[in-house]
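# Architecture at a glance
Given next are the chains, with one letter for each unit.
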Amino acid sequence: MQGGVLPMIWNFLQDQVLGMKWLNSAIGSLLDALGLDITSRLGGSLQFFLYDVIKITILLCTLIFLISYIQSYFPPERSKKIIGRFHGLGANCIAALLGTVTPFCSCSSIPLFMGFTSAGLPLGVTFSFLISSPMVDLGSLILLSSIFGAKVAVTYVVVGLVIAVAGGSLIEALHMERHVEDFILKAGSVDIQAPTLTRRDRLTYAKEQMVGTFQKVFPYILVGVGIGAIIHNWIPEAWVETILGSRNPFGVILAVLVGVPMYADIFGTIPVAEALLSKGAQLGTILSFMMAVTTLSLPSMIMLRKAIKPRLLALFVAICTAGIILVGYFFNAVQFLFV
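The next point concerns the overall build of the chain. The secondary structure content of the chain amounts to 17 helices and 0 strands. Compactness check: the chain gives a C-alpha radius of gyration of 21 Å against a globular reference of 20 Å for 339 residues, within 12% of the reference. Principal-axis analysis of the C-alpha atoms gives the chain an extent of 65 × 50 × 45 Å. Relative to its 339 residues, the chain shows a buried fraction of 50%. For the chain, restricting intrachain contacts to residue pairs at least 6 apart in sequence, the fraction spanning at least 24 positions comes to 83%. Total accessible area computed for the chain in this model is approximately 15800 Å², and 70% of it derives from carbon and sulfur atoms. Counting 21 positive and 17 negative side-chain charges, the chain places the centres of these two groups 6 Å from one another.

Structural data, given as structure tokens:
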């Protein structure tokens with residue numbers, strides 16, 4: 001009996017708590033009561049849009065609040081001290097893990113990267129943090145679970161951490177310190193003792209982070225869900241399968257090239273990924289697109305260029321691109337394990 005109860009509980013959490021299928025049914029019933037045919041393209045698009053916007057908003061605000069509360073225990077000064085206790089590969093692993101509880105996009109994590117580098121932490125360690133922070137976070141684990149399932153979400157996080165650790169280790173081995181801009185190396189750091197926060201302070205901080213982050217990313221959510229609704233209800237399935245399905249061996253590379261010019265975070269890319277998956281795009285191709293958007297967006301690269309010289313920037317982009325492409329082909333090769 002226990003063997004049957006646990007899968008039922010897990011499926012309930014997966015479908016009704018994270019996936020909020022009850023919400024999709026409720027919106028469908030409401031639109032049907034208003035006389036709108038949800039089986040039509042227009043009705044289906046409106047149902048997809050309302051469902052995903054509300055679902056992502058609920059998950060987003062809940063996750064940002066909880067993660068920001070956790071993040072309040074890891075201010076930059078404390079994070080620097082934690083990383084500084086480790087050396088070699090262990091330091092890269094700790095930096096990558098710390099990246100999972102820090103800002104949600106690369107433009108937000110770059111200032112922290114600059115601060116860590118100025119503080120004298122090894123360059124490879126700070127790059128492990130920089131790669132991990134936008135690519136992998138606790139929010140992505142929950143949101144990906146709501147769309148693709150727990151196995152895909154956990155595997156995504158693990159391979160993201162592997163890319164972060166491997167990329168940082170390679171940069172460290174190549175001794176690229178001379179390619180950091182001089183003002184970063186000469187800035188030094190002021191070791192300011194982090195203030196002791198009360199529980200009320202932490203709750204206030206979490207609320208402020210939730211409101212601020214939501215205001216910043218909500219427009220991208222609307223755009224992402226809008227694109228997802230168009231793909232889901234207006235783009236023929238055969239088109240998506242031809243371009244991003246198994247019939248195109250270059251689909252992963254194409255997805256990365258399309259994702260790089262975009263600027264969004266994982267909250268804005270998930271509805272697009274959800275729609276592409278429903279239309280027959282391969283799992284690895286979709287995940288490569290998401291990684292490229294969150295890690296290698298042009299605005300982020302422009303900001304990062306202010307801190308590092310072109311050769312190091314090119315190496316960073318090359319490492320991330322190669323890792324993302326390899327991850328895409330890996331997931332495509334083992335997609336049968338997740339379906």
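Okay, the nonpolar core next. Among the nonpolar cores identified, the biggest contains 81 residues, and Phe127, Phe148, Met290, Leu304, Ile308, Leu312 and Phe316 are the most heavily contacted of them. Among the nonpolar cores identified, the runner-up in size contains 11 residues, and Ala91, Ile94, Val125 and Phe129 belong to it.

Looking now at the side chain of Asn248. By the secondary structure assignment, Asn248 is in the loop between α12 (237-244) and α13 (251-259). Of the polar contacts made by the side chain of Asn248, one reaches the backbone nitrogen of Phe250; its length is 3.0 Å. In this structure Asn248 touches Thr242 and Ile243, once residues within four positions along its chain are discounted.

Now for the environment of Gly88. Relative to the helices and strands, Gly88 is located in the loop between α4 (76-84) and α5 (89-98). Separated by 91 residues in the primary sequence, Gly88 and His179 have C-alpha atoms spaced 21 Å apart.

Okay, the pattern of salt bridges next. Scanning all chains against the criterion turns up 2 salt bridges. The salt bridge involving Lys55 is made with Asp52; its shortest N-O contact spans 3.9 Å. Here Asp52 and Lys55 lie together in helix α3 (residues 41-71), a separation of 3 residues that amounts to about one turn. Taking relative accessible area as the criterion, Lys55 reaches 2% and is therefore assigned buried. Exposure remark for Asp52: the relative accessible area of 0% places this residue in the buried category.

Here is what the cut-offs are and how they apply
- Residues numbered from 1 in each chain as written.
- Predicted model: local features only at pLDDT ≥ 70, side-chain atom pairs only at ≥ 80, totals over all residues.
- Heavy atoms only, no water.
- Helix = DSSP H or I, 4+ residues; strand = E, 2+ residues; numbered from the N terminus.
- Rg over C-alpha atoms; globule rule 2.2 N^0.38 Å.
- Buried < 20%, exposed > 50% of the residue type's maximum accessible area, 1.4 Å probe, protein only.
- Contact = heavy atoms within 4.5 Å.
- Areas by Shrake-Rupley, 256 points an atom, 1.4 Å probe, with all protein chains shown as cover.
- Lys, Arg positive; Asp, Glu negative; His and termini not counted.
- Charge placed at Lys NZ, Arg CZ, Asp CG, Glu CD.
- Core = buried A, V, L, I, M, F, W, Y, C linked by side-chain atoms within 4.5 Å.
- Polar contact = N/O pair within 3.5 Å; in protein donor to acceptor, adjacent residues only side chain to side chain.
- Salt bridge = Lys/Arg side-chain N within 4 Å of Asp/Glu carboxyl O.

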